[in-house]
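In case you want the letters, here they are:
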Amino acid sequence: MMSTVSLKNVKKIYDNAVTAVHDFNLEIADKEFIVLVGPSGCGKSTTLRMVAGLEEISEGELRIDDRLVNDVEPKDRDIAMVFQSYALYPHMTVRENMEFPLKLKKVDKAEIDRRVNDAAEVLGITQYLDRKPKALSGGQRQRVAIGRAIVREPKVLLMDEPLSNLDAKLRNQMRAEIIKLRQRIDTTFIYVTHDQTEAMTLGDRIVIMKDGFIQQIGTPQEVFNHPVNIFVAGFIGTPQMNFFQARLVKAGGGYHAEVYGVNIPLDKDIQAALAKAGADSRDIILGIRPEHIRFTEQTGEGVLSGVVEVSEMMGSEYYLHVTCNEQDVVLRIPTADLPMELRGGIAYGTKMNFTFRPESIHLFDRETETNLI
């Protein structure tokens, strides 16, 4: 059974006035796990609801397995959806909740039992089949909701923020469960979340949205290593990327950047890409992730310095907020990289010197905010 999903120039316009989703184009491969991610109100849930048939498509084409489904009823699209609110029937047992969609379809009794027992086993909820939802924890209820969706053996499984009601520990656990589930069942997943960690750990590819527009589509690695613009760069990765008002300088057949009057060396591959793009000296925004900043005891070429305002000990590393030229810079420094006298704690006001990994620097156009290379 193939399950591809194709969205071509899909738009959602409310009351002929507000466009919630602009010109959405995405080809989803069979059995791919796609994550739509972005801040609240970016159009990700609306897009999912258009695929489900719960929202009408204003313009464009939606195909599931090459069949145009714009006007097909939700129940005839061969999809199943899991909501963040679980939406279980309180008066039914777990087994009855999971059987319900199959009974509606008049599936035969033996087949219903087989599917429910299989799904319960995959999700580890066999021992709860005769309980009512109110006797279950949030994580168990969420598994029942997923079980009710997968017994239908849908072509496409849609999940709308399914973990956002769970506490952090349970969320991590359920994330691992979804990865396992994905390996056990043959279906195409479209998953919506505002949590970029969830997106990075679950998605084969991630679609990053903002204000109804797709910003970038790529593998977790691609969007992390090569964000197309400042929004994506700042959205993906924790803590957030640091941004500096900087200058790109073309000199002596190569390039370097200047931040607060300090020359910042650039990796040779970055310089080659800039040369190929015909870049000239100009004002830019330089981005560097907290984990790509190195502590150094030296001073001189490429070294910036600042004063520690906040130091958070995270076990194997420190998160440091350092004020450098009145700007807050966040550093993630492995404890092992620090001199012995700083490993036990870094006091407020400590002076810190640091450099940037030359291969991990991102350069953005100051006007358009797009990546220069």
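Structure's up top.
What this report covers is the structure whose coordinates are included nearby.

Criteria and thresholds
- Residues numbered from 1 in each chain as written.
- Predicted model: local features only at pLDDT ≥ 70, side-chain atom pairs only at ≥ 80, totals over all residues.
- Heavy atoms only, no water.
- Helix = DSSP H or I, 4+ residues; strand = E, 2+ residues; numbered from the N terminus.
- Buried < 20%, exposed > 50% of the residue type's maximum accessible area, 1.4 Å probe, protein only.
- Areas by Shrake-Rupley, 256 points an atom, 1.4 Å probe, with all protein chains shown as cover.
- Lys, Arg positive; Asp, Glu negative; His and termini not counted.
- Charge placed at Lys NZ, Arg CZ, Asp CG, Glu CD.
- 1 Å grid on protein atoms, 1.4 Å probe; cavity = no way out; pocket = protein on both sides within 12 Å on 5 of 7 lines; lining within 4 Å.
- Points joined across faces, edges and corners; volume = space filled by probe spheres on them.
- Salt bridge = Lys/Arg side-chain N within 4 Å of Asp/Glu carboxyl O.
- Contact = heavy atoms within 4.5 Å.
- Polar contact = N/O pair within 3.5 Å; in protein donor to acceptor, adjacent residues only side chain to side chain.

With that out of the way, let us pick up the overall build of the chain. Scanning the chain from terminus to terminus reveals ten helices and 20 strands. Dimensions of the chain, computed from the C-alpha atoms along their principal axes, are close to 75 × 50 × 35 Å. Counting every position in the chain, which comprises 373 residues, the buried fraction comes to 50%. With an accessible surface of roughly 17600 Å², the chain has 48% of that area assigned to carbon and sulfur atoms. Between the averaged position of the 45 positive side-chain charges in the chain and that of its 53 negative side-chain charges there is a distance of 6 Å.

Counting across every chain of the model gives one cavity of 30 Å³ or more. When its volume is computed, the largest cavity comes out at roughly 40 Å³. Lining the largest cavity are L7, F24, L26, I28, L36, T47, V51 and I190. Those elements that provide at least two residues to the lining of the largest cavity are strand 2 (18–28) and helix 1 (44–52). No other element matches strand 2, which puts three residues into the lining of the largest cavity.

The next thing to look at is the pattern of salt bridges. Under the defined criterion, the tally for this structure stands at 25 salt bridges. K75 is the salt-bridge partner of D76, the closest N and O atoms lying 3.4 Å from each other. For D76, a relative accessible area of 39% translates into the label partly exposed. Classification of K75 as exposed rests on a relative accessible area of 59%. Where salt bridges share partners, they join E111, R114, R115, D118 and E153 into one cluster.

With that settled, consider the environment of T201. Counting through the fold element by element, T201 comes out in helix 6 (residues 196–202). Given the relative accessible area of 39%, T201 is considered partly exposed. C-alpha separation for the pair T201 and P220, spaced 19 residues apart in sequence, amounts to 7.8 Å. Not counting chain neighbours up to four residues away, the residues in contact with T201 comprise R175 and I179. A polar contact of 2.8 Å, which involves the side chain of T201, links it to the backbone oxygen of T197.

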